Amino acid sequence: MPPIAPSPSTLQQAVDDLHNDMVDLLSGFVAAASPSGAEQAASGFLEQQLQHMGLDCERIVLDSRLIANSPLFSCPCDPDGGRHNLLARHLPSPRTDGTRGRSVLFNGHLDVVPTGPQALWTTPPFEPRVQGDWLYGRGAGDMKGGIVCALMALRVLRHLGLQPAGVVGINAVLDEENTGNGTLATVHALRNSLAKARLSDFDAVIIPEPFAETMMAAQVGVSWLFVTITGRSAHVAYKGQGLNPIEAGMALVDDLKLLEAEWNQPKNRHAAFRDVEHPVNFNLGRIEGGEWNSSVPCTCTLGLRLGYYPGMDPDTVVDQVSQRLRTKALQLNPALQLEISTRGHRSPGCVYALDNPAMQTLANAHYSVHGRAPERLACTATTDGRHFSLLTDIPVTNYGPVARNIHGIDESVSLASLRRVTRTFAQFIIDWCGVEETAANAARHRGGPVDSGQAKTGETSLS
């Protein structure tokens, strides 16, 4: 007979028992600085933790050549450089009838955004600290905390002498913050049998991004655009002879705000975002230009992030915005030269199906913890969930903890929320995958020894 599933109170007590372990795990993870393009420290830390848990773990090496023809490929911001994802799996005990429980893949990213001036942080961004209910540090919320919740859900079950009766995967990926090519590489490897696992091994995907314990119903598309404006330099004493590209750049951004406002009008909104106050955001995230305070500058480069609705083609959006920029520049001064390029996000939006059995099971798990149904979120950002939503038939959503100041100063994640999300994930595994006794627990019942050897990590090249 299968073991009796633990009660909600038993599950909560187990989570509380492991609270210090959770804090220690996340603290070590945050301390492993992992900016996009240099995630090795976090990858090494997590790989050690996965091995210690005895999970079947392999490296999936990022090779952009193999995914360049995918409709969801984005032009890389950093060289592949031998960097790799980590795909770990809990494998259930073999059954005599050859069947297994249902499975789930938790997919999360290792990379974090730049910290900004460290002097603005209360404490250094990669020196985690706990104050009250909050654990601070770059990546604590976005999204190392969510990955820790998935790991702790497995630990909680083991603490109770149980393990999933189906496959539970944890896919820790590169490059989410700038392209999403990391998750795309794993999807490619699973689809083409280049990894130990196959895409068909997973019946559901959960992305534990920090969206405050909501279930994501839709997300916008995002594209990055780089606009280099060349004007005409001059000594400031003869300013009238020059043509200032920085001032022109500000005028171009102001004109784009008019397009942003147009797309945000209620009549122009996608149905999934009808009740979102300001769903589309155009952002001037970077500006570089000028050579000397007393000179009219030669060039200015704008780094733009464009948001747009599901169903809008990224290439069409970029073409439309590029044409608008060129038209406005011509109006400002025909002598202005524009060079427009794309790298980084080229990420279409998507709508998630939440009324299937897997997502209903997640909603029920949330209900068991909160006593109410989860809210559904139409998100004004993009996530790696699009790869599974648009390229596979696997049910997927985003569900993760409460966080503050992600991408900002003094980023933090709620410890109480981490415990709740861990309980929700553990309950989902119980209800979706089923549970069985761990080998160690079964051996104790039999009165015999058990081998507790740890799994080794292999490397899968996508070539």
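Everything quoted here is computed from the prediction, not taken from an experiment. (Residues numbered from 1 in each chain as written. Predicted model: local features only at pLDDT ≥ 70, side-chain atom pairs only at ≥ 80, totals over all residues. Heavy atoms only, no water.)

Chemist: Can you help me understand the packing of helix α2 (residues 19-31) against helix α11 (residues 415-432) in this one?
Modeler: Packed helices, taken two at a time, are described by the angle between their axes plus the distance between the axes. Running from amino to carboxyl end, α2 crosses α11 at an angle of 110°, the nearest separation of the two axes being 11 Å. The angle between the axes of α2 and α11 places the two elements in the roughly perpendicular class. Mapping the contact onto sequence places His-19, Met-22, Val-23 and Leu-26 in α2 and Leu-415, Leu-418, Arg-419 and Thr-422 in α11. For the contact of α2 with α11, the class distribution of residues is 5 nonpolar, 2 polar and 1 charged. (Axes fitted to C-alpha atoms, helices over the stretch in contact; angles between N-to-C directions. Helix = DSSP H or I, 4+ residues; strand = E, 2+ residues; numbered from the N terminus. Parallel < 35°, antiparallel > 145°, perpendicular 65-115°, else oblique. Contact = heavy atoms within 4.5 Å. Nonpolar A, V, L, I, M, F, W, Y, C, P; charged D, E, K, R; others polar.)

Chemist: What is the right way to look at the side chain of Ser-27 in this model?
Modeler: Here Ser-27 lies in helix α2. Not counting residues within four places of it along the chain, the set of residues in contact with Ser-27 comprises Pro-128 and Leu-135.

Chemist: Help me understand helix α8 (residues 314-332), please; the structure alone is not making it clear to me.
Modeler: An α-helical turn contains 3.6 residues, so any two residues separated by three or four positions project in the same direction. With 19 residues, α8 should reach 27 Å at 1.5 Å per residue; the first-to-last C-alpha distance of 27 Å fits that figure. Where α8 is concerned, the buried positions are Pro-314, Val-317, Val-318, Val-321, Ser-322, Leu-325 and Ala-329. All buried residues of α8 project into a common sector of 125° when viewed along the axis, lining one side. When the buried face of α8 is taken as reference, the exposed residues oriented beyond 90 degrees from it are Asp-319, Leu-330 and Gln-331. The inward-facing, buried residues of α8 contact β10 (221-230), α7 (245-264), β14 (299-308), β15 (337-341) and β16 (346-347). (Expected span 1.5 Å × (residues − 1). Buried < 20%, exposed > 50% of the residue type's maximum accessible area, 1.4 Å probe, protein only. Arc of directions from axis to C-beta.)

Chemist: Help me out: how do you make sense of the packing of aromatic side chains in this one?
Modeler: Given two aromatic rings, one states the distance between the centres and the angle between the planes to describe the pair. Under the definition given, this model contains 6 aromatic pairs. When the centroid spacing of 5.7 Å and the interplanar angle of 25° are considered together, the rings of Phe-29 and Phe-45 count as stacked. Within this pair, whereas Phe-29 is found in helix α2, its partner Phe-45 is found in helix α3 (residues 40-52), the two being separated by 16 residues in sequence. With 4.9 Å between their ring centres and 50° between their planes, Phe-106 and Phe-425 make a pair best called tilted. Placement of the pair is Phe-106 in strand β3 (residues 101-109) and Phe-425 in helix α11, with a sequence separation of 319 residues. Looking at Phe-106, the relative accessible area reads 2%, which means it is buried. Looking at Phe-425, the relative accessible area reads 0%, which means it is buried. Three or more aromatic residues joined by ring pairs make a cluster, and in this case those are Phe-106, Tyr-399 and Phe-425. Against the face of Trp-432 rests Arg-102, its NZ or CZ located 3.7 Å from the ring centre. (Phe/Tyr/Trp six-rings, centres within 6.5 Å; stacked < 30°, edge-to-face > 60°. Lys NZ or Arg CZ within 6 Å of the ring centre and 35° of its normal.)

Chemist: Is there a simple way to think about the UniProt feature "domain: Peptidase M20 dimerisation" (unreviewed entry) in the chain in this case?
Modeler: Feature annotation in UniProt places "domain: Peptidase M20 dimerisation" (unreviewed entry) on residues 219-330, given in this structure's numbering. Annotation note: span residues 219-330, helix share 33%, strand share 29%, distance between end C-alpha atoms 34 Å. (UniProt positions renumbered as here; feature names shortened; annotations may be inferred.)

Chemist: Quick question: what am I supposed to make of the nonpolar core here?
Modeler: Across soluble globular proteins, nonpolar side chains show a tendency to be buried alongside one another. Within the largest apolar cluster, 84 residues are counted, with the highest numbers of intra-cluster contacts made by Leu-46, Val-104, Phe-106 and Phe-425. Among the elements that take part in this core, helix α5 (residues 140-159) stands out by supplying 12 residues, more than any other. Sequence-distant contacts of Phe-106, defined by excluding residues within four places in its chain, comprise Ala-150, Val-168, Gly-169, Ile-170, Asn-171, Ile-206, Phe-425 and Ile-429. Counting 32 residues, the second largest nonpolar core, distinct from the first, contains Val-222, Leu-302, Leu-336 and Leu-338. (Core = buried A, V, L, I, M, F, W, Y, C linked by side-chain atoms within 4.5 Å.)

Chemist: Would you take a moment to explain the side chain of His-90 for this structure?
Modeler: Tracing the sequence through the fold places His-90 in strand β2 (residues 84-90). Overall, the relative accessible area of 5% leaves His-90 in the buried class. Polar side-chain contacts of His-90 include one of 2.9 Å to the backbone oxygen of Pro-164. Ignoring sequence-local partners within four residues, the contact set of His-90 consists of Leu-55, Gln-163, Pro-164, Gly-166, Val-167 and Val-168. (Polar contact = N/O pair within 3.5 Å; in protein donor to acceptor, adjacent residues only side chain to side chain.)

Chemist: How do you make sense of the pairing of strand β1 (residues 56-61) when you look at a structure like this?
Modeler: Walk down a regular strand and you will see the side chains alternate between the two sheet faces. Burial analysis of β1 places 5 of its 6 residues in the buried class, the great majority of the element. When β1 meets β2, the two strands line up antiparallel, connected through 6 bridges. Each bridged residue has a counterpart across the sheet, and for Cys-57 the counterpart in β2 is Ala-88. (Pairing = 2+ DSSP bridges.)

Chemist: Even after reading the chapter, I still don't get the environment of Ser-70, so can you show me in this structure?
Modeler: With respect to the element layout, Ser-70 can be found in the loop between α4 (64-67) and β2. Taking relative accessible area as the criterion, Ser-70 reaches 19% and is therefore assigned buried. Ignoring anything within four residues of it in the chain, the contact list for Ser-70 reads Leu-184 and Leu-391.

Chemist: How should the sheet that holds strand β9 (residues 215-219) be read in this particular structure?
Modeler: Within a beta sheet, neighbouring strands are joined by backbone hydrogen bonds and run either parallel or antiparallel to one another. Taken together, 3 strands build an open sheet; the order of strands is β17-β9-β18 and the sheet is mixed. The sheet terminates laterally at β17 (350-351) and β18 (376-379), the two strands that pair on one side only. Bridge analysis of β9 against β18 gives 4 bridges, and the strand direction is parallel. Paired with Gln-219 across the strands is Cys-379, a residue of β18.

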